[in-house]
Amino acid sequence: MRILIAWADDVSPNLGVRVLGRGSIDLISSVHDGVEFEVLNYGSRPSAVPWSPRSLLKQRVLPGSPMMEWLSSFDVFWDTRSGDSFADIYGMDRHLTMSLIHEFAAQAGARCIMAPQTIGPFGKRTARALAARSLKRSSLVFARDPRSADAAARLGRPVDATTTDLVFAIDPPEIGVPHDVVLNVSGLLWQQNPHVDHVEYQRAVRLVIAGLRADGRSIALMPHVLASDAADSDIDASRELHAEYEGDLDLVVPVDLDEARRTLASARVVIGARMHACLNALSTGTPAIAMAYSRKFRPLLSELGWEHVVDIEDAMTTSRAVLAATRSYGFAERAVEVQAAGRSRIDHLRPAVAALLSGR
């Protein structure tokens, strides 16, 4: 059994993408023995597969296409879409590239599975048509929140199950060096971006830091997107704040996903604008306050029974809500319940995956 895991790997600077890769392998391995895995991602591109839509289309019609020959070697195409890229909010090129490879994998004979992910939004008619095609070509479709399930149904392909994020398929880590507050600052939002006002976001972060310090809390900055050629790494923003506060804030730069999960598991509370920083924390039983910049946060976390989600608005409103959440009572116990709920929800999809892989 050969399975191609698309849009996730164990080398991406974005630890959320590594979560999807690890969770996918752990989940599939738990229901089927003897699987050979390969990955396809922007940092792990097989030589047979070009990236641009034009090049992909040329490869498709090329006699003896290396791309089609390579795709035909797989039994299953496990499509994660990077967790939240089954949408057009990151641009049509990305959506089109991912959709074309899904289509060509199906044409090559692989059974396609849409792994648990956010589905939508799709603002353009073309984007909706591409999404509907990918859903129609999939043997199994899993949403990680009810809003995504509704989006799939509106596109004509109801999901096979509404589950949760693949992070809950990963076993909890050992506890690392204890921390009080672990603060994840998003490099994506720290600069000009299409999601939020970056100036207000920066002000909100600084107001949160000031409020935490006034409460006597200690803070450790932890990037969740590591160094890369991309402009949205969290490291520069974390280092900027570390220098600005002249070392009063700790800085923890994890070398890999395991170290990041140990750090998050060791915290009393995590505050993060990267959703997978929050999900990584909750999957270890650590409370996490999410600073949400898109619709993907709230439906997923609410379905798990976790309501500590703050939409990023103006700096004062955002910071007050975050600080109020840090002063809540009882959410440490609630986080442990959410961890159990997440693991239970992931279990819901194991029978369907096992049945498909075994040919039943």
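First, a word on scope: everything that follows refers to the structure included in this document. Please read these numbers as outputs of a predicted model, since none were measured by experiment.

1. Overview of unusual backbone geometry
In terms of backbone geometry, most residues other than glycine have negative phi values and most peptide bonds are trans.
So, step 1. Of the consecutive residues Gly120 and Pro121, the connecting peptide bond is found in the cis state with omega at 5 degrees.
So, step 2. Unusually for a residue other than glycine, Ser82 sits at a positive phi of about 55 degrees.
So, step 3. Its location among the elements puts Ser82 in the loop between strand 3 (76-79) and helix 4 (92-107).
So, step 4. One non-glycine residue, Glu246, lies in positive phi territory at about 50 degrees.

2. Some points on the layout of surface pockets
So, step 1. Volume-wise, the largest pocket comes out at about 770 Å³.
So, step 2. Lining the largest pocket are 29 residues; nearest its centre among them are Asn14, Val17, Arg94, Asp232 and Arg274.
So, step 3. A per-element tally of the lining of the largest pocket places helix 1 (residues 15-31) first, with three residues.
So, step 4. Here the lining of the largest pocket is composed, by residue class, of 11 nonpolar, 12 polar and six charged.
So, step 5. What the second largest pocket holds in volume is close to 220 Å³.
So, step 6. Taken together, Asp215, Arg217, Arg268, Val269, Pro287, Thr326, Arg327, Ser328, Tyr329, Phe331 and Ala332 make up the full set of residues lining the second largest pocket.
So, step 7. Among the secondary structure elements, those contributing two or more residues to the lining of the second largest pocket are strand 10 (267-272) and helix 14 (331-347).
So, step 8. Among the residues forming the lining of the second largest pocket, the class breakdown is five nonpolar, two polar and four charged.

3. With respect to the environment of Ile312
So, step 1. Inspection of the secondary structure puts Ile312 in the loop between strand 12 (309-311) and helix 13 (315-326).
So, step 2. Look at Ile312 and you get buried, because its relative accessible area is 12%.
So, step 3. Beyond its immediate sequence surroundings of up to four residues, Ile312 is in contact with Leu189, Val196, Tyr201, Met291, Ala292, Tyr293 and Thr318.

4. Comments concerning helix 6 (residues 146-154)
So, step 1. Among all positions in helix 6, only Ser148, Ala149, Ala151 and Ala152 are buried. The arc that holds the buried residues of helix 6, viewed along the axis, is 160 degrees, so those residues lie on one side.
So, step 2. Structurally, helix 6 contributes buried residues whose contacts are with strand 4 (111-117), helix 5 (125-136), strand 5 (138-143) and strand 6 (161-162).
So, step 3. Its side-chain oxygen at 3.0 Å from the backbone nitrogen of Arg147, Asp145 defines the N-terminal cap of helix 6.

5. A look at the side chain of Ser266
So, step 1. Locating Ser266 in the fold gives a position in the loop between helix 10 (257-265) and strand 10.
So, step 2. Residue Ser266 is classed as buried on the basis of its relative accessible area of 8%.
So, step 3. The residues contacting Ser266, other than those within four sequence positions of it, are Ile175, Gly176, Val177, Pro178 and His179.

6. A closer look at the sheet that holds strand 5
Adjacent strands of a sheet form backbone hydrogen bonds with each other and so pair up, either parallel or antiparallel.
So, step 1. The strand order 2-1-3-4-5-6 describes an open sheet built from six strands, whose pairing is parallel. Edge positions in the sheet fall to strand 2 (36-40) and strand 6, since each of these pairs with one other strand and no more.
So, step 2. By the bridge criterion, five bridges tie strand 1 (residues 2-6) to strand 2 in an arrangement that is parallel. The partner of Leu4 across the bridge, within strand 2, is Glu38.
So, step 3. The strands touched by helix 15 (residues 350-357) are strand 1, strand 3, strand 4 and strand 5; relative to strand 5, the strand with the most contacts, the crossing angle is about 165 degrees.

7. Comments concerning the packing of aromatic side chains
Each aromatic ring pair is characterised by the separation of its centres together with the angle its planes make.
So, step 1. Enumeration over the complete set of coordinates arrives at eight aromatic pairs.
So, step 2. On the basis of an interplanar angle of 20 degrees and a centroid distance of 6.1 Å, the ring pair of Trp306 and Phe331 is categorised as stacked. On the criterion of sequence distance, the pair formed by Trp306 in the loop between helix 12 (297-303) and strand 12 and Phe331 in helix 14 is long-range, its members being 25 residues apart. Taken as a pair, Trp306 and Phe331 share a single burial class, namely buried.

8. A few points about the pattern of salt bridges
So, step 1. Per the stated rule, a full pass over the model turns up 23 salt bridges.
So, step 2. The shortest N-O distance in the salt bridge between Asp171 and Arg343 comes to 3.4 Å. One end of the pair, Asp171, is in the loop between strand 6 and strand 7 (179-184); the other, Arg343, is in helix 14, and 172 residues separate them in sequence.

9. Let's talk about the pairing of strand 10
So, step 1. For strand 10, a buried count of five out of six residues is recorded, marking the element as mostly surrounded by other parts of the structure.
So, step 2. Across five bridges, strand 7 lies against strand 10 in parallel orientation. Residue pairing for strand 10: Leu183 is matched across the bridge by Ile271.
So, step 3. Of the pairings in the sheet, the one linking strand 10 to strand 11 (residues 288-292) comprises three bridges and is parallel in character. Within the sheet, the bridge partner assigned to Ile271 lies in strand 11 and is Ile289.
So, step 4. For the handedness criterion, the β-α-β arrangement of strand 10, helix 11 (residues 275-283) and strand 11 is classed as right-handed.

Criteria and thresholds
- Residues numbered from 1 in each chain as written.
- Predicted model: local features only at pLDDT ≥ 70, side-chain atom pairs only at ≥ 80, totals over all residues.
- Heavy atoms only, no water.
- Helix = DSSP H or I, 4+ residues; strand = E, 2+ residues; numbered from the N terminus.
- 1 Å grid on protein atoms, 1.4 Å probe; cavity = no way out; pocket = protein on both sides within 12 Å on 5 of 7 lines; lining within 4 Å.
- Points joined across faces, edges and corners; volume = space filled by probe spheres on them.
- Nonpolar A, V, L, I, M, F, W, Y, C, P; charged D, E, K, R; others polar.
- Buried < 20%, exposed > 50% of the residue type's maximum accessible area, 1.4 Å probe, protein only.
- Contact = heavy atoms within 4.5 Å.
- Arc of directions from axis to C-beta.
- Polar contact = N/O pair within 3.5 Å; in protein donor to acceptor, adjacent residues only side chain to side chain.
- Pairing = 2+ DSSP bridges.
- Axes fitted to C-alpha atoms, helices over the stretch in contact; angles between N-to-C directions.
- Phe/Tyr/Trp six-rings, centres within 6.5 Å; stacked < 30°, edge-to-face > 60°.
- Salt bridge = Lys/Arg side-chain N within 4 Å of Asp/Glu carboxyl O.
- Right-handed = clockwise from strand over helix to strand, strands pointing away.

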